[in-house]
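The primary structure of each chain is shown beneath.
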Amino acid sequence: MERNDSRVARKDDSSRIDYGIIFPVLMLAIIGLASIYVAATHDTSATSVFRQVFSQLIWYLLGVGIVVVLMQFDADQLWWLAPIAYGAGIVLLILVLFLYSRSYAANTGAKSWFAFGGFTFQPSEVMKPAYILMMARVITVYNHRVKNRTIQSDWRLIGTMALWTLPIPILLLLQHDFGTMLVFIAIFIGLVVVSGVTWRILIPSFVGMVVLGSTTLMLVALPWGQALLQKIGFESYQFARVDNWLHPSSDTTNSGYQLWQSMKAIGSGQLFGKGFNVSNVNVPVRESDMIFSVIGENFGFIGSIVLIGLYFLLIYKILQVIFDTKNEFYAYVATGVIMMILFHVFENIGMNIGLLPLTGIPLPFVSAGGSALIGNMIGIGLIMSMRYHYYSYSKASIEENADF
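In this report, we go over the structure that sits alongside the text. Because the structure is predicted, anything quoted here is derived from the model rather than measured. (Residues numbered from 1 in each chain as written. Predicted model: local features only at pLDDT ≥ 70, side-chain atom pairs only at ≥ 80, totals over all residues. Heavy atoms only, no water.)

## Let's talk about the pattern of salt bridges
Once the charged atoms of two side chains with opposite charge are near each other, the side chains can pair. The line we're drawing: By convention in these notes, a salt bridge is any Lys or Arg side-chain nitrogen within 4 Å of a carboxyl oxygen on Asp or Glu. Under the DSSP-based scheme used, a helix requires at least four consecutive residues in state H or I and a strand at least two consecutive residues in state E, with every element numbered from the N terminus.
Tallied over the entire structure, the rule returns five salt bridges. The closest approach of N and O atoms between Asp 324 and Arg 387, which form a salt bridge, is 3.0 Å. Here Asp 324 is found in helix H14 (residues 291–325), whereas its partner Arg 387 is found in helix H16 (residues 370–389), with 63 residues between them in sequence. Shared partners join several salt bridges into a network, and the residues in it are Asp 18, Asp 324 and Arg 387.

Put into structure tokens, the structure is as follows:
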């Protein structure tokens, strides 16, 4: 009898694991390892193909361990963890301003990396899931405190969210990491949209963002505009990236070389690609930021569509978890994770094919690099914990923990 009870318990534990989430992440990891192998094999500056692939595999295994640990956290524990993770992330973003890697700063222009011997780490990547947790808690508490929503109360909610968000873009601007700052802005916008804010605020805000974006592009295109933007923190290399995006064929041997080569590699793959490990076009940094160029060249349009399909499957399965758990706090956490993944995919693929400026945003679960992978795996761990525990967060628990 005890054996049967034990067997049933193990079966119940197994049924609480969402294999629908695991499958697309596993397939993306396999694609990532294969693409890194191709990039390293054809990179004349690579010291060791085995070392690069093995290093990424270790990061994947570490990420799996983090997912397993996070699955043990229920809603109450994640709620309690949110301000601690947020505070720790802010501390790391401050510390990196003083302890950043000088060599990485010289190569990338960003003061956003710790370096300890051969180990490097970007704290802003783990700040993303910490920020998502904190914003989910802020919105949930506000919604339970304010029963009758008005335009004024919606503006107060946005203001509260903005106050918690503001330190992050300030610290990222000091690090000269504009690309990562855009990710946090995307997460913020996504959470505002699903927080219940009225359309009478959302539509004018959307129009305002379009006007702001158009005005910024106009300023980048004009000498006096660039001088004005430099005074508020923009760098000359950022202007060059926008110029190359607007005119990709104007400078194909200097600052526009990376984008031009990426477009050539993807285009040369045509419908079915050249085949695995066939690479005739040199693309700088293709193992990380430009990894999509490897997929496009090797597997063509069909392979690229399969990759994008895996991301859509992952997003669909996350949405399914939201509807199944029917938990407000979880719903905001999952929305933040979706926005984080979607923005990375949209920006990375967009910049590889010339639709968007280069920003140094990696492709989730595919690009080489431990920091970004760990940040994304933390997001997956949060989603897996929702399915694993699968219960509604009580109002009493929210009110009990509402003082923050």
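There's plenty left to go through after this.
## Focus: empty space enclosed by the protein
Take a probe with the size of a water molecule and roll it over the atoms, and the empty space left behind shows itself. Just so we agree on the cut-off: Think of a 1 Å grid over the protein atoms and nothing else: a 1.4 Å probe that fits but is trapped marks a cavity, an open set flanked by protein within 12 Å on at least five of seven lines marks a pocket, and residues with an atom within 4 Å of a point count as lining. Grid points are joined across faces, edges and corners, and a volume is the space filled by probe spheres set on the points. Ten residue types, Ala, Val, Leu, Ile, Met, Phe, Trp, Tyr, Cys and Pro, are classed as nonpolar, four, Asp, Glu, Lys and Arg, as charged, and the remainder, Gly among them, as polar.
Following the criterion strictly, the structure yields two cavities of 30 Å³ or more and no others. Of the voids in this model, the largest cavity is the one considered here, and its volume is about 60 Å³. Looking at the largest cavity, the residues that line it are Pro 362, Leu 363, Pro 364, Phe 365, Ser 367, Ala 368, Gly 369, Ala 372, Leu 373 and Asn 376. Looking at the lining of the largest cavity residue by residue, the class counts come to seven nonpolar, three polar and no charged.

## Topic: the packing of aromatic side chains
As a reminder, the rule being used: Classification of ring pairs rests on two measures: the distance between centres of Phe, Tyr or Trp rings, Trp counted by its six-membered ring, which must be within 6.5 Å, and the angle between planes, read as stacked under 30 degrees, edge-to-face over 60 and tilted in between. Geometrically, a charge over a ring is one whose NZ (Lys) or CZ (Arg) sits within 6 Å of the ring centre while staying within 35 degrees of the ring normal.
Counted by the stated rule, this structure contains seven aromatic pairs. In this structure an aromatic cluster arises from ring pairing among Tyr 37, Phe 276 and Phe 299. Over the aromatic face of Tyr 100 sits the side chain of Arg 102, whose NZ or CZ is 4.0 Å from the ring centroid.

## Some details on the layout of surface pockets
Roughly 340 Å³ of volume is contained in the second largest pocket. What lines the second largest pocket is a set of 17 residues, and nearest its centre among them are Ile 22, Val 25, Leu 26, Val 64 and Met 377. Going through the elements one at a time, helix H2 (19–41), helix H3 (49–70) and H16 are the ones with two or more residues in the lining of the second largest pocket. Tallied by class, residues from the lining of the second largest pocket come to 17 nonpolar, no polar and no charged.

## Overview of the environment of Val 68
To keep things clear, this is the line we draw: Each residue is assigned to one of three classes by its accessible area relative to the maximum for its type, calculated with a 1.4 Å probe on protein chains only: buried under 20%, partly exposed between the two thresholds, exposed over 50%.
Note that Val 68 resides in helix H3. On the basis of relative accessibility, which here comes to 44%, the residue Val 68 falls in the partly exposed class. Measuring from C-alpha to C-alpha, the distance between Val 68 and Met 384 comes to 8.6 Å, with 316 residues separating the pair along the chain.

## Brief notes about the packing of helix H15 (residues 328–352) against H16
Note the cut-off: Orientation is described by axes fitted as lines to C-alpha atoms, over the contacting stretch for helices, and by angles from 0 to 180 degrees between their N-to-C directions. For classification purposes, an angle smaller than 35 degrees is called roughly parallel, one larger than 145 roughly antiparallel, one from 65 to 115 roughly perpendicular, and anything else oblique. Helix crossings fall into two classes, left-handed where the near helix is turned counterclockwise from the far one by less than a right angle and right-handed where it is turned clockwise. Two residues qualify as a contact provided that any one of their heavy atoms is within 4.5 Å of a heavy atom in the partner residue.
Where H15 meets H16, the closest approach of the two axes is 10 Å, and the angle between their N-to-C directions is 150°. By the criterion of interaxial angle, the relationship of H15 to H16 is roughly antiparallel. Considering only the axes of H15 and H16, their crossing is left-handed. For the pair formed by H15 and H16, the contact residues are Tyr 330, Val 333, Ala 334, Val 337 and Met 340 on the first element and Gly 375, Asn 376, Gly 379, Leu 382, Ile 383, Ser 385, Met 386 and His 389 on the second. Here the residues of the contact of H15 with H16 sort into eight nonpolar, five polar and no charged.

## A closer look at the side chain of Thr 180
With respect to the helices and strands, the residue Thr 180 is situated in helix H9 (residues 178–194). Ignoring anything within four residues of it in the chain, the contact list for Thr 180 reads Gln 122, Ser 124, Lys 128, Leu 172 and Ile 361.

## Describing the environment of Phe 346
Within the secondary structure, Phe 346 is located in helix H15. Taking the C-alpha atoms as reference points, Phe 346 and Leu 363, 17 residues apart in sequence, are found 8.9 Å from one another.

## Points about the packing of H14 against H15
At a closest axis distance of 10 Å, the pairing of H14 and H15 adopts a crossing angle of 170°. Classified by the interaxial angle, the pair formed by H14 and H15 is roughly antiparallel. Like other packed secondary-structure pairs, H14 and H15 cross with a definite hand, here left-handed. Contact residues: Ile 291, Phe 292, Ser 293, Ile 308, Tyr 311, Leu 314, Ile 315, Ile 318, Leu 319, Ile 322 and Thr 325 in H14; Tyr 330, Ala 331, Ala 334, Thr 335, Val 337, Ile 338, Ile 341, Leu 342, Val 345, Asn 348, Ile 349 and Asn 352 in H15. For the contact of H14 with H15, a count of residues per class yields 18 nonpolar, five polar and no charged.

## Concerning H15
Filter applied, for reference: Expected span of a helix, by definition, is 1.5 Å for each gap between consecutive residues, and there is one gap fewer than residues. Two N or O atoms form a polar contact when they lie within 3.5 Å of each other; inside protein one atom must be a possible hydrogen donor and the other a possible acceptor, and for residues adjacent in sequence the pair counts only when both atoms belong to side chains.
Helix length check: H15, at 25 residues, gives a terminal C-alpha distance of 36 Å against a target of 36 Å (1.5 Å per residue), a fit within 8%. Here H15 lies mainly inside the structure; 21 of its 25 residues are buried. Measuring from the side-chain oxygen of the N-cap residue of H15 to the backbone nitrogen of Phe 329 gives 3.1 Å; that N-cap residue is Asn 327. The first or second residue beyond H15 is Gly 354, which carries a positive phi of 85°.

## What about H9?
Counted at 1.5 Å a residue, the expected span for H9 with its 17 residues is 24 Å, and the 25 Å between its end C-alpha atoms agrees. Check the buried side of H9 and you find it contacts helix H6 (123–145), helix H7 (151–165), helix H8 (167–174), helix H10 (199–220) and H15.

## Some remarks on the environment of Met 340
Within the fold, Met 340 resides in helix H15. Each C-alpha atom of the pair Met 340 and Ile 185 lies 9.8 Å from the other, and the pair is 155 residues apart in sequence.

## Details of unusual backbone geometry
Phi angles above zero are rare outside glycine, and Lys 326 is one such case at about 50°. Within the secondary structure, Lys 326 is located in the loop between H14 and H15. On the accessibility criterion, Lys 326 (64% relative accessible area) is exposed. The backbone of Phe 365 sits at a positive phi, close to 65°, despite the residue not being glycine.

## Some points on a nonpolar patch on the surface
Put simply, the rule reads: Here, patches come from residues exposed beyond 30% relative accessible area and free of salt bridges, joined within 9 Å for like charges and within 5 Å for nonpolar side chains (Val, Leu, Ile, Met, Phe, Trp, Tyr). To measure how exposed things are, a 1.4 Å probe is used in the Shrake-Rupley method; for residues, cover is taken only from the protein chains shown.
A cluster of nonpolar side chains, namely Ile 185, Ile 189, Val 193, Val 194, Trp 199, Ile 203, Phe 206, Val 207, Met 209, Val 210 and Val 211, defines an oily patch on the protein surface of about 990 Å² accessible area. The biggest single contributor to the nonpolar patch is H10, with seven residues. Among the secondary structure elements, Val 194 is positioned in helix H9.

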